[in-house]
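Inside the fold
One-letter residues, chain by chain:
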Amino acid sequence: MTATATAPQGAQSTEQLAETARLLRKHIVNMTTAAGSGHPSSSFSCTEIVTALYFGGVLRHDPQNPTWADRDRFILSKGHAVPTQYAAMAECGYFPVDDLVTLRKLGSPLEGHPNVHRLPGIEASTGSLGQGLSIGVGMALAAKLDKADWRTWVVLGDGEIDEGQVWEAVMSAAKYGLDNLIAIVDANTAQQTGYTQDVLPTEPKAEKWAAFGWEVQEVDGHSFEALLPALQKAGAGGGGKPQAIIARTLKGKGVSFVEKDYGYHGKPLTADELKRALEELGW
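Scope of this entry: the structure provided in the associated data block. (Residues numbered from 1 in each chain as written. Predicted model: local features only at pLDDT ≥ 70, side-chain atom pairs only at ≥ 80, totals over all residues. Heavy atoms only, no water.)

So, the nonpolar core
For the record, the criterion: The set of buried Ala, Val, Leu, Ile, Met, Phe, Trp, Tyr and Cys residues whose side-chain atoms join them within 4.5 Å is what this entry labels a nonpolar core. The buried label applies to any residue whose accessible area, calculated with a 1.4 Å probe on protein chains only, is under 20% of its type's maximum; exposed applies above 50%, and partly exposed to all values in between. Strands here are runs of E lasting at least two residues and helices are runs of H or I lasting at least four, both read from the DSSP assignment and numbered beginning at the N terminus.
Core analysis: the largest hydrophobic core is formed by 43 residues, its most contacted members being Leu-53, Tyr-54, Phe-74, Tyr-86, Phe-95, Trp-153 and Ile-184. For this core, the elements supplying multiple residues, two or more each, are α1 (14-35), α3 (47-55), β1 (73-76), α4 (82-92), β2 (152-157), β3 (181-187), α9 (224-236) and β7 (243-248). Membership of the second largest hydrophobic core comes to 26 residues, among which are Leu-133, Ala-143, Ala-206 and Trp-209.

See the structure below:
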């Protein structure tokens, strides 16, 4: 089976989005196995989120003009999952799809974590977990000061919100009424060394974000029928509150032997595992 991604400014149907997500997962396993390093399972859990943003008519962006002043800003705070973003960017036309296999290669702009100085379309250098939302607060404040209507979207990891800096940013965003800031928590239940409930429980997530003054939605992070309305509502802004979406996801989603296994957090698939994964994904 084959799948193609259409222009990012046009919204794909839910059926097309599902095919695009399948295509992005193919790119993710191929590029991380070719690199011999990377984070495929963390990339899988946010695949539908990133697909909905880039291909669902949500994110305002222009691959032909990455520095367009009125673009939305997208920050992948869980920077280790950047293969998902690279795959989406390539399919949108930011750079050739063939370049994806240069991931983590010497001299390639496709570094293991996003680098704002190396690749047009990347808005922030992330990977030091806990910092992305603070960067997003600064960007959202700048938009308010400039009376601009672009929005800032930040995807955070489930384990990442263990970081205290995240909650400083959460409080600051509420204080300044940043209703142009949207935080999406990829709640995939696992992190590098174990399951989140065992490492440092952060439930009930929705209630905690709401208690800090955010408008909160909780959705199935692998369902486009649930994600798209939530993203559209959050992106509409207004009301003086920052927006949070708790996206319930599964680490390793899409490949059965990777799902729920935190041991694959920073572990690429072997050649044999790659073949099995591609078969499961329908490739």
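There's more to say after this.
Description of the pairing of β2
Condition: Here, a strand pair is defined by DSSP locating no fewer than two bridges between the strands.
Burial analysis of β2 places six of its six residues in the buried class, the great majority of the element. Going residue by residue along β2, you find Thr-152, Val-154 and Leu-156 tucked away on one face and Trp-153, Val-155 and Gly-157 tucked away on the opposite face as well. Across four bridges, the pairing between β1 and β2 is parallel. Looking across to β2, one finds that Ile-75 is bridged to Val-154. In terms of strand pairing, β2 meets β3 through six bridges, oriented parallel.

Focus: the packing of α1 against α3
To keep things clear, this is the line we draw: What counts as an axis is a line fitted to C-alpha atoms, over the stretch in contact for a helix, and the angles between N-to-C directions run from 0 to 180 degrees. With respect to orientation, any angle under 35 degrees is reported as roughly parallel, any angle over 145 as roughly antiparallel, any angle of 65 to 115 as roughly perpendicular, and every other angle as oblique. In this scheme the crossing of two helices becomes right-handed for a clockwise turn of the near helix relative to the far one and left-handed for an anticlockwise turn of less than a right angle. Two residues form a contact once any of their heavy atoms are found within 4.5 Å.
For the pair α1 and α3, interaxial distance at closest approach is 9 Å and the crossing angle is 120 degrees. Compared by their axis directions, α1 and α3 come out oblique. Crossing geometry of α1 relative to α3 is assigned as right-handed. Across the interface between the two elements, Leu-17, Thr-20, Ala-21, Leu-24, Arg-25 and Ile-28 of α1 pack against Thr-47, Glu-48, Thr-51 and Phe-55 of α3.

Some details on the pattern of salt bridges
Condition: In the sections that follow, a salt bridge refers to a side-chain nitrogen of Lys or Arg positioned within 4 Å of a carboxyl oxygen of Asp or Glu.
Using the criterion set out here, one finds 12 salt bridges in the structure. Close ionic contact of Arg-60 with Asp-149 constitutes a salt bridge, the shortest N to O distance being 3.0 Å. Taken together, the positions of Arg-60 in the loop between α3 and β1 and Asp-149 in the loop between α5 (132-145) and β2 put the pair 89 residues apart, joining distant regions of the chain. Arg-60 gets classed as partly exposed once you look at its relative accessible area, which sits at 23%.

Comments concerning the environment of Thr-51
Note the cut-off: Identification of polar contacts relies on pairs of N or O atoms within 3.5 Å, with a donor-acceptor requirement for protein atoms, meaning one able to donate a hydrogen and the other able to accept it, and with residues adjacent in sequence counted only if both atoms are side-chain atoms.
By secondary structure assignment, the location of Thr-51 is in helix α3. Beyond its immediate sequence surroundings of up to four residues, Thr-51 is in contact with Leu-17, Thr-20, Ala-21, Leu-24, Gly-56 and Phe-224. At 2.7 Å, the side chain of Thr-51 forms a polar contact with the backbone oxygen of Thr-47.

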